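Analysis of the macromolecular model
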Amino acid sequence: MLPLSSVRVVAVEQYGAGPFGTMFLADLGAEVIKIENPADGGDISRDVGPYFFEDRDSYFFHALNRNKKSFTLDLSKAGSKKVFHDLVRSADAVCSNLRGDVPKKLGLTYQDLNTVNAAIVCAHLSAYGREGPRADWPGYDYLMQAEAGYLSLTGEPGSPPARFGLSVVDFMTGLGLAYAILAGLTGVRSTGVGQDMDVSLFDFALANTNYLAAWYLNEGSAQERLPRSAHPSLVPCQLYRTTDGWLFIMCNKEKFWLTLCDAIARPQWKEDARFSSFKERLAHREHLTELIDEALSSKTTDQWLNKLSGLIPVAPVNDIAQALENPFVTEHGRLQTLTHPTKGDYRLVANPVHASAGESPSNPAPRLGEHTESLLKDLGYSETRIQGLRSDGII
């Protein structure tokens, strides 16, 4: 029995951040009921290419929505409120990733739902929060990276500002949403009373400036980009050249520096006053980079990996194909095979959270409205009533 198998979450969600977070809940056994508007074709990510199983059935959508149920409901229609409230009565949490001013308009807040279910947790993911001057602003991952300083830290000095290659703010905020839901449910266990829980893309982007923020706020130090993706204070911790490519080496403890000196046949560096501490190596980083490059130029990347892996923290610089074909990935359960209802088997990266109680389920992302009728019948709706809702465009 997976740890969240008793949890039901009603998710008014679309696109990236919210679905990423609720997928973590579904992977650990939660029943995640994805509310999709039938009037506009459901989650817009069903149409995000360039790769599709079928029309309106994208790989992008499947990557963010496995193990969920799809329930079509047009929350803008007056008749939808009764249906939604019936779902809420049966649920532990309601969550959304909408513009900050929309949850109140749609009746998704604890103030709106506490009379329906006093224990309901209402979790909201928005761009800039549900309060304040930006509550009604739209916003996306890359904008947050730009405004929170990420682009000034990524890439080589002197090059144009660069974003992360992944939607890192979406993903971290999605996990924040999952964390907020579970925190709220933990509170309900002791009080019996739910509440609103809020996360925003901007706040998570800002929070992850973390130690760099501490340096600036207290010492006025505004970190800039460094050559070769170097750490701002720890040396050696950056990219280094081999005969045929690059290695990323991170000697973030003194013992690893000493081990590296021996492993690359430079034991004399251990006695060199210029390299005797992190402080000294930082002061001489440029010269040390040249020396390490020279030492590593005697072998290929693979040869050095064979020699150094497990002795010091070291990694190759892979592209996406190399990362996913890595035997450490393919041979050790880090990919999951699912079965599409018409196209057969396909693979996704597996959930990284492992529960000893059992493996994550492997259900493909749902077809639009796939579970609407069965869920309504579980709530006691008759066939006639269901057909009436369809006729009115509510489901």
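Here we look at the environment of Q238
By the element assignment, Q238 lies in strand β9 (residues 237–241). With 10 residues separating them along the chain, Q238 and F248 place their C-alpha atoms 5.6 Å apart. Those residues in contact with Q238 that sit more than four places away from it in its chain are R228, S229, A230, L247, F248, I249, R285 and T289.

A few points about the sheet that holds strand β11 (residues 314–316)
Read across the sheet, 3 strands follow the order β9-β10-β11 without closing on themselves; strand pairing throughout is antiparallel. The sheet is open, and its two borders are formed by β9 and β11, each paired with just one other strand. Neighbour-to-neighbour, the strand axes of the sheet open up by a mean angle of 25 degrees, direction not taken into account. In this structure, β9 lies alongside strand β10 (residues 246–250), joined through 5 bridges in antiparallel fashion. For C237, the partnering residue across the bridge sits in β10 and is M250. Packed onto the sheet, helix α13 (residues 301–308) meets β10 and β11 and runs at close to 25 degrees relative to β10.

Details of a nonpolar patch on the surface
Residues Y15, I44, Y140 and L143 make up a contiguous nonpolar surface patch of about 400 Å² in total accessible area. Along the chain, the position of Y15 falls in the loop between β1 (8–12) and α1 (17–27).

A word on the sheet that holds strand β7 (residues 121–126)
Spatially, the 6 strands line up as an open sheet ordered β5-β2-β1-β6-β7-β8, and their pairing is parallel. This sheet does not close on itself; its edge strands, each paired only once, are β5 (69–72) and β8 (196–200). Averaged over all pairs of adjacent strands, the angle between their axes in this sheet comes to 20 degrees, without regard to strand direction. For β1 and strand β2 (residues 31–36), the ladder comprises 5 bridges, and the chain directions are parallel.

Description of the side chain of D293
Counting through the fold element by element, D293 comes out in helix α12 (residues 285–296). A distance of 3.0 Å separates a polar atom in the side chain of D293 from the backbone nitrogen of R241. Discounting residues that sit within four places of it in the chain, D293 has contacts with R228, Y240 and R241.

Considering the pattern of salt bridges
Applying the stated criterion across every chain, the model contains 23 salt bridges. Among the salt bridges present, the one from R46 reaches E36, with a minimum N-O distance of 2.8 Å. With a gap of 10 residues between them, R46 in the loop between β2 and β3 (52–54) and E36 in strand β2 connect regions that are remote in the sequence. Here R46 matches E36 in class, with each residue buried.

Section: α12
When the terminal C-alpha atoms of α12 are compared, their 16 Å separation across 12 residues agrees well with the 16 Å that a helix rising 1.5 Å per residue should span. Among the residues making up α12, those that are buried are R285, L288, T289, L291, I292, D293, A295 and L296. Lining the buried residues of α12 we find β9, β10, α10 (254–263), α11 (278–283) and α13.

Criteria and cut-off values
- Residues numbered from 1 in each chain as written.
- Predicted model: local features only at pLDDT ≥ 70, side-chain atom pairs only at ≥ 80, totals over all residues.
- Heavy atoms only, no water.
- Helix = DSSP H or I, 4+ residues; strand = E, 2+ residues; numbered from the N terminus.
- Contact = heavy atoms within 4.5 Å.
- Pairing = 2+ DSSP bridges.
- Axes fitted to C-alpha atoms, helices over the stretch in contact; angles between N-to-C directions.
- Patch = residues over 30% accessible without salt bridge, like charges linked within 9 Å, V, L, I, M, F, W, Y side chains within 5 Å.
- Areas by Shrake-Rupley, 256 points an atom, 1.4 Å probe, with all protein chains shown as cover.
- Salt bridge = Lys/Arg side-chain N within 4 Å of Asp/Glu carboxyl O.
- Polar contact = N/O pair within 3.5 Å; in protein donor to acceptor, adjacent residues only side chain to side chain.
- Buried < 20%, exposed > 50% of the residue type's maximum accessible area, 1.4 Å probe, protein only.
- Expected span 1.5 Å × (residues − 1).

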